[in-house]
Structure formats: C-alpha cells, structure tokens
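# Notes for the structure review
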Amino acid sequence: MLVLYTDGFTECTHHASGEEFGLARLQRLVRRHVDRPAAEIVDLVFQAISRYAGSGHPEDDQTLVVVRHTGPAA
C-alpha cells in the first residue's frame, strides 16, 4: 500500500489542546485499517481528522491518496 498525503493532515491541530495530529497518529490509523479497501481508508482518515480538529475549517489543504495492489504478485 502506498499512502501519499499533504501536511494538512499531520499538522492539523486539536481544537482544545493545539496538539498536532502528527505522523505517528496517521500511521497508526492506516495500519489499524490496512486490510480495508483504499477508499474506506481515505474516508476513515478524513473522519478522524474531522473529529480531532473539531468544528471549523481546515487551516491547510488536505489531500490524501491511498493506492493498493490487489492483483497477483508479479
């Protein structure tokens, strides 16, 4: 699986504490759902970011691409 993302995910700040979402949190989230289809992982990440940031608009762009190989190994 290949996950490409902009810093709008990792630098998204928590609405109360100001703490960033961070790379480690993003990695844990993707690893926890690694067996799901790519589109579901994208949805789960956006949902997690939305809950983390709380109300309001993102401060930065948020682009996420998840690519997975589903065919037989070459």
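Please refer to the structure higher up on the page.
The text that follows walks through the structure, step by step, so that each part is easy to find.

Turning to the packing of helix H2 (residues 23-32) against helix H3 (residues 38-53), a few remarks are in order. One can describe the packing of H2 onto H3 by two numbers: an axis separation of 10 Å at closest approach and a directional angle of 140°. As the angle between them shows, H2 and H3 are arranged oblique. For the crossing formed where H2 meets H3, the hand is right-handed. Seen from H2, the contacting residues are Arg25, Leu26, Leu29 and Val30; seen from H3, they are Ile41, Leu44, Val45, Ala48 and Tyr52.

Taken together, the side chains of Leu2, Leu4, Val65 and Val67 make up a nonpolar region of the molecular surface, amounting to roughly 320 Å² of accessible area. At the level of secondary structure, the elements contributing two or more residues to the nonpolar patch comprise strand E1 (2-5) and strand E2 (64-67).

Next up on the list: the side chain of His33. One can find His33 in the loop between H2 and H3. Looking at His33, the relative accessible area reads 15%, which means it is buried. If we ignore the near neighbours within four places in the chain, the residues touching His33 are Ile41 and Leu44.

A separate point is the environment of Gly22. Considering the arrangement of structural elements, one finds Gly22 in the loop between helix H1 (7-10) and H2. Residue classification places Gly22 among the buried positions, given a relative accessible area of 19%. Through-space distance from the C-alpha of Gly22 to that of Met1 is 20 Å; in sequence the pair is 21 residues apart.

This brings us to H2. By the burial criterion, the buried members of H2 are Leu26, Leu29 and Val30. Axial view of H2: buried residues confined to an arc of 95°, hence all on one face. Of the exposed residues in H2, the ones pointing more than 90 degrees away from its buried face are Arg31 and Arg32. Buried-residue contacts for H2 involve E1, H1 and H3.

Let us look at a negative patch on the surface. A surface patch of like charges, here negative, comprises Asp7, Glu11, Glu20, Glu59, Asp60 and Asp61. Within the element layout of this structure, Asp61 appears in the loop between H3 and E2.

Now for the nonpolar core. The biggest cluster of nonpolar side chains holds 15 residues, and the ones touching the most others in it are Phe21, Val45, Ile49, Leu64 and Val66. If you list the elements that add at least two residues to this core, you get H2, H3 and E2. With seven residues, the top contributor of residues to this core is H3. When neighbours within four sequence positions are excluded, Phe21 is seen to be in contact with Phe9, Thr10, Cys12, Leu26, Leu29, Ala48, Ile49 and Tyr52.

Procedures and definitions
- Residues numbered from 1 in each chain as written.
- Predicted model: local features only at pLDDT ≥ 70, side-chain atom pairs only at ≥ 80, totals over all residues.
- Heavy atoms only, no water.
- Axes fitted to C-alpha atoms, helices over the stretch in contact; angles between N-to-C directions.
- Helix = DSSP H or I, 4+ residues; strand = E, 2+ residues; numbered from the N terminus.
- Parallel < 35°, antiparallel > 145°, perpendicular 65-115°, else oblique.
- Left-handed = near helix turned anticlockwise from the far one by under 90°.
- Contact = heavy atoms within 4.5 Å.
- Patch = residues over 30% accessible without salt bridge, like charges linked within 9 Å, V, L, I, M, F, W, Y side chains within 5 Å.
- Areas by Shrake-Rupley, 256 points an atom, 1.4 Å probe, with all protein chains shown as cover.
- Salt bridge = Lys/Arg side-chain N within 4 Å of Asp/Glu carboxyl O.
- Buried < 20%, exposed > 50% of the residue type's maximum accessible area, 1.4 Å probe, protein only.
- Arc of directions from axis to C-beta.
- Lys, Arg positive; Asp, Glu negative; His and termini not counted.
- Charge placed at Lys NZ, Arg CZ, Asp CG, Glu CD.
- Core = buried A, V, L, I, M, F, W, Y, C linked by side-chain atoms within 4.5 Å.

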